[in-house]
Amino acid sequence: MKTLKSIGYLLGLPLILLAWWWIATSGAANFFVPTPAQLAETFVETWMGERLVTDVLPSVIRLVVGVLAAIVLGIGLGLAVGLNRTMRALTEPVFEFFRALPPPVLVPVLMLLVGINDGMKIAVIISGCIWPVLLNTIEGVRSIDPVQNETSRSYGISGFNRIRYQVLPSATPTIMAGVRQCLSIGLILMVISEMFASSSGLGFTIVQFQRSFAVPEMWSGIVVLGLIGVALSFIFQWCERRVLRWYHGLKEVENAV
Amino acid sequence: MTQIAEEQVVGGHKAATTRPRQTPKAVLGLIGVLVFLGAWELLPVLGIVNAKYLPPASEVLAALALDLGLTAFWVAVGDTMTAWAIGLAIAVVLALVLGLLIGMSPFLRRFTNSTIEFLRPIPSVALIPLAVLLFGMKIESSLLLIIYACFWQVLIQVLYGVADVDNVAMQTARSYGFSHWQRVRDVVFPTMLPYLMTGIRLAASVALILAITAELLIGSPGLGNEITLAQSGGAIAGMYALILATGFLGVLINVVTRVVEKRVLSWHPSVRGEATP
């Protein structure tokens, strides 16, 4: 009974919306909105074949490479800057500016500097994704409990060991907040870099469909992007739960007290 | 929710540690900016990067200064900011009303949870083709993207905020015979306000990103469109100048939202604590 109820909560609204969509589109044929059945059919036809390998896979690989590179670079640079007060003061205004810069405007710049190729698309993703990770790492390192710092110092923990066992763990919750932001920016930039200058990839294909007024195909492309977004957010939540298990445990104990 | 807590901690920290060393910090920051500009100036001059693709900083800054005197530039800024303001306002009002409705009813919260979690990660740029089909190169296209993206930012914050309402306060209000509307106004709203302000601050920068994106890709009027035009016209220094201008716009929006947030929440402990150390 209990599981039945939670399934009802989980699926209730989606089913109602789906039914509403079905009824609204089945009467009068609207050019812009396909019926659910039509969309499902087009989706399978369009994406469950060659396109999965030629368009979806390269896009996803570029996204993953770009985001991972941005995370590694962001954490590395963030540690270097965050642990040094002078570096922090030196770089703060410049970094703030780059964070405020809307990432898509860098696409034309990188098109000029790198040329139109896979490298440029990955560079675009890195250039947008690195800022939330970098700045959150700096913040995380900066706001470490001073008592912890003193403790590691008096125990003679320094260098790599200090970073590995004290600095990184206590900065992780903040860093993960940055990673979460960087994922959605990465997905947006993946699509944009392909819409701009490309002859393959998801973004390119969807724009192609729109220009040729292939409306159901265009919608199915939007669905693919949505599914990638949802998948990313689930993967992130899973990783976050693993990485921050100790942290959530700690919070629970604190809240219980 | 963690975001707010962290920011408060960080904010308090900042007030405590940086106040006595404010001058050297500002000077260091200025030096950082000068080093950055110097490196930018030297890269093309020394031939490390092709000057055709990356003009030296002095040239770009001159182009920016020239832009500031042009009416066309300010019209573009006006177009971008109009889309930004309208989109943000609609998104905030929608999210606030729906967030209060959903957040205050445990049934609705559970009922809508799966749908919200599913729709939220869908990237707003996925809607670009749809916007083009429906509205073409007009401001409505930008608005569609801006509203979609900002709506979720604010809605999630409002939901967290409503969930944070103190049970005892709510029970007290009920036993004092507060009407439903009074409870919303005097109990729920003040608790939710800090969350709402964080949501609006995040949404304000997201709105700028999408306004510029829509202009870049769809060609609706504004700074983004000017950037595309400058690039395809080969006015590379002009393109960099416009990009700098969007960056400054972003910084300005950040600063203004911070100030507004501080003003609106001047009664709130997190801000009060910062003001009087």
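None of these values were measured; they are calculated from a predicted model. (Residues numbered from 1 in each chain as written. Chains lettered and ligands numbered in written order. Predicted model: local features only at pLDDT ≥ 70, side-chain atom pairs only at ≥ 80, totals over all residues. Heavy atoms only, no water.)

**A short note on the UniProt feature "transmembrane region" (unreviewed entry) in chain A**
Residues and elements named next belong to chain A.
Thought 1: The positions UniProt marks with the feature "transmembrane region" (unreviewed entry) are residues 63-83, 95-116, 122-138, 185-206 and 218-239.
Thought 2: Between the end C-alpha atoms of residues 95-116 there is a gap of 26 Å, over a span that is 68% helix and 0% strand.
Thought 3: Along residues 218-239 the backbone is 100% helical and 0% strand, and the end-to-end C-alpha distance reaches 32 Å. (UniProt positions renumbered as here; feature names shortened; annotations may be inferred. Helix = DSSP H or I, 4+ residues; strand = E, 2+ residues; numbered from the N terminus.)

**Details of the layout of surface pockets**
Thought 1: Looking at the second largest pocket, its volume works out to about 1,500 Å³.
Thought 2: What lines the second largest pocket is a set of 38 residues, among which L17(A), W21(A), F118(B), L119(B) and I122(B) lie closest to the centre.
Thought 3: Among the elements that take part in the lining of the second largest pocket, helix α1 (residues 2-26) of chain A stands out by supplying eight residues, more than any other. (1 Å grid on protein atoms, 1.4 Å probe; cavity = no way out; pocket = protein on both sides within 12 Å on 5 of 7 lines; lining within 4 Å. Points joined across faces, edges and corners; volume = space filled by probe spheres on them.)

**Details of the side chain of E261(B)**
Residue and element names in this part refer to chain B.
Thought 1: One can find E261 in helix α11 (residues 236-264).
Thought 2: When its relative accessible area of 12% is taken as the criterion, E261 is described as buried.
Thought 3: A distance of 2.7 Å separates a polar atom in the side chain of E261 from a polar atom in the side chain of R201.
Thought 4: Apart from the residues within four sequence positions on either side, E261 is in contact with M197, T198 and R201. (Buried < 20%, exposed > 50% of the residue type's maximum accessible area, 1.4 Å probe, protein only. Polar contact = N/O pair within 3.5 Å; in protein donor to acceptor, adjacent residues only side chain to side chain. Contact = heavy atoms within 4.5 Å.)

**Regarding the packing of aromatic side chains**
Given two aromatic rings, one states the distance between the centres and the angle between the planes to describe the pair.
Thought 1: As enumerated under the stated definition, the model contains 11 aromatic pairs over all chains in all.
Thought 2: Centroid distance F98(A) to W131(A): 5.2 Å. Interplanar angle 10°. Geometry classified as stacked. Note that F98(A) is positioned in helix α4 (residues 85-100) and W131(A) in helix α6 (residues 118-142), a separation of 33 residues in sequence.
Thought 3: Residue classification places W131(A) among the buried residues on the basis of a relative accessible area of 14%.
Thought 4: Where F73(B) meets W74(B), the ring centres are 5.1 Å apart and the plane angle is 80°; that geometry is what we call edge-to-face.
Thought 5: Since its relative accessible area comes to 7%, F73(B) is described here as buried.
Thought 6: Judged by its relative accessible area of 47%, W74(B) is partly exposed. (Phe/Tyr/Trp six-rings, centres within 6.5 Å; stacked < 30°, edge-to-face > 60°.)

**A few points about the UniProt feature "transmembrane region" (unreviewed entry) in chain B**
Residue and element names in this part refer to chain B.
Thought 1: If you check UniProt for "transmembrane region" (unreviewed entry), the listed places come out as residues 26-48, 83-106, 118-137, 143-163, 202-223 and 235-256 in our numbering.
Thought 2: Between the end C-alpha atoms of residues 26-48 the distance is 31 Å, and the span holds 87% helix and 0% strand.
Thought 3: Span residues 83-106 is 92% helix and 0% strand, its end C-alpha atoms 35 Å apart.

**A closer look at the interface of chain A and chain B**
Thought 1: If you look at the interface, chain A gives 58 residues, while chain B gives 56 residues.
Thought 2: Between chain A and chain B, the buried area comes to about 5,100 Å², and carbon and sulfur atoms account for 77% of it.
Thought 3: Considering only the surface of chain A that becomes buried against chain B, Y9(A), F97(A) and L112(A) emerge as the three largest contributors, covering 14% of it.
Thought 4: For the pair chain A and chain B, the number of links is zero salt bridges.
Thought 5: Summed over the shared surface of chain A and chain B, the number is one residue pair in polar contact (both at pLDDT 80 or more). (Buried area = accessible area lost by both parts, 1.4 Å probe. Salt bridge = Lys/Arg side-chain N within 4 Å of Asp/Glu carboxyl O.)

**A look at the packing of helix α4 (residues 71-103) of chain B against helix α7 (residues 139-163) of chain B**
All names here are of chain B.
Thought 1: In contact at an axis separation of 7 Å, α4 and α7 are set at 35° when each is read in the N-to-C sense. The way α4 lies across α7 gives a crossing that is right-handed.
Thought 2: Considering only residue class, the contact of α4 with α7 consists of 24 nonpolar, five polar and no charged. (Axes fitted to C-alpha atoms, helices over the stretch in contact; angles between N-to-C directions. Left-handed = near helix turned anticlockwise from the far one by under 90°. Nonpolar A, V, L, I, M, F, W, Y, C, P; charged D, E, K, R; others polar.)

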